[in-house]
Amino acid sequence: MRDMRRFIPSGNLLYVFDAAARLQSFTKASEELNVTPAAISHAIRQLETGLGASLFHRKHRQLQLTDDGEKLFRSVESGLDQIERTAIEIHSTAASDIKVYASITVGTYWLLPRISTYPSHDARIEMQLYNSDKKLDLPADGVSMAITNGRVDWQGHEVLPFTAEMMFPVCSPGYLEKHGPLSSLADLPAHNLLHLDSHYHEGATWRDFLAHYGLNYTLPGGVSTFNNYILVVHAVLSGAGIGLGWQHSVGDLVASGALVRPLKEAQTTTNDFFLVYRKGRPLTPRAAGVRDWLLGLGSLNAS
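Cut-offs used in this document
Residues numbered from 1 in each chain as written. Predicted model: local features only at pLDDT ≥ 70, side-chain atom pairs only at ≥ 80, totals over all residues. Heavy atoms only, no water. Phe/Tyr/Trp six-rings, centres within 6.5 Å; stacked < 30°, edge-to-face > 60°. Helix = DSSP H or I, 4+ residues; strand = E, 2+ residues; numbered from the N terminus. Buried < 20%, exposed > 50% of the residue type's maximum accessible area, 1.4 Å probe, protein only. Pairing = 2+ DSSP bridges. Axes fitted to C-alpha atoms, helices over the stretch in contact; angles between N-to-C directions. Contact = heavy atoms within 4.5 Å.

**Q** Any details on the packing of aromatic side chains? Residues and values, ideally.
**A** Tallying each qualifying case throughout the model produces eight aromatic pairs. Taken together, a centroid distance of 5.1 Å and an interplanar angle of 70 degrees make the contact between Tyr-118 and Trp-293 edge-to-face. Pair noted here: Tyr-118 is in the loop between helix 5 (104-115) and strand 4 (125-130) and Trp-293 is in helix 10 (residues 285-297), with a separation of 175 residues, a long-range link. Residue Tyr-118 shares its accessibility class with Trp-293, and that shared class is buried.

**Q** If you had to explain the sheet that holds strand 5 (residues 144-149) to someone new, which residues and values would you point to?
**A** Adjacent strands of a sheet pair through backbone hydrogen bonds, lying either parallel or antiparallel. The strand order across the open sheet built from five strands is 4-3-5-12-6, with neighbouring strands paired in mixed fashion. Strand pairing shows two members of the sheet lacking a second neighbour, strand 4 and strand 6 (157-163), which therefore form its edges. Strand-to-strand, the axes of this sheet are offset by a mean angle of 25 degrees, without reference to chain direction. Note: strand 3 (residues 98-103) against strand 5, three bridges, orientation parallel. Each residue of the ladder has a partner; that of Tyr-101, found in strand 5, is Ala-146. Against the sheet, helix 5 touches strand 3, strand 4, strand 5, strand 6 and strand 12 (273-278), its axis set at about 140 degrees to strand 3.

**Q** Describe the sheet that holds strand 10 (residues 243-246), with residues and values.
**A** Spatial strand order, 10-7-11: three strands in an open sheet with antiparallel pairing. Of all strands in the sheet, those bounded by a partner on one side alone are strand 10 and strand 11 (267-268). By the bridge criterion, two bridges tie strand 7 (residues 166-170) to strand 11 in an arrangement that is antiparallel. Its bridge partner being in strand 11, Met-167 is matched across the sheet by Gln-267. Strands in contact with helix 9 (residues 247-256) are strand 7 and strand 10; relative to strand 10, the strand with the most contacts, it is inclined by about 100 degrees.

And the structure:
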């Protein structure tokens, strides 16, 4: 127990003293605190008795702080101001939406369909989309985190394994019916393979995917090239060709039957996904709950 309680038995006395000192009136302090003037007067007498000093000069219709009163008021005012600022900061953070950053494709095709499945109603999850994790700058606010891959320089961040990156060929059922079936990976170069422009995409390409299986692939002229993976997905859905599918982007589309895998091969790359958030301020309890929920969902396997 703090020794201060020998002199100030209740912290409420400091609220009363602060109001009376600021307003220089027991009556005005009683109105602010919604108690009677007699209750204010009694509290001040109790505080003065505990401290063994007079805090106010009681004049007709006016209060004036004594030297001891001035000294206590400066301390109480400073302390309550600091406590108020801290309480406002904690409350505003606790009331904030939990912000989960994700790439456009992962956010659109994986995170968005799952946000509403969060099992608790104590947190609202706000999805934030980004174009490049290399420029992603997360605030240290205790409520922001990101699902990311590709970037390795996460100094000053907590970095938690989320899932491996898995990719495989995908096409629409209509395309496979019209142009298939495919008997092996060697059949792929004869099809219209849909590509991401290398100027906008630093991840694996068709050449990388096929080289993993010992197949050389030279990008032919006049191929279908896109600068955004969402455009690739839409082109695949429309039956324009075969695209490379990443589990956390097209896994749900495969599960629903909107897309199919014409071949069974799937490749796990070294470009793993991570869940990251800034150090320096721990996640709020609600944000930590969302983090743990996401980590549980992250261990999806291609099927």
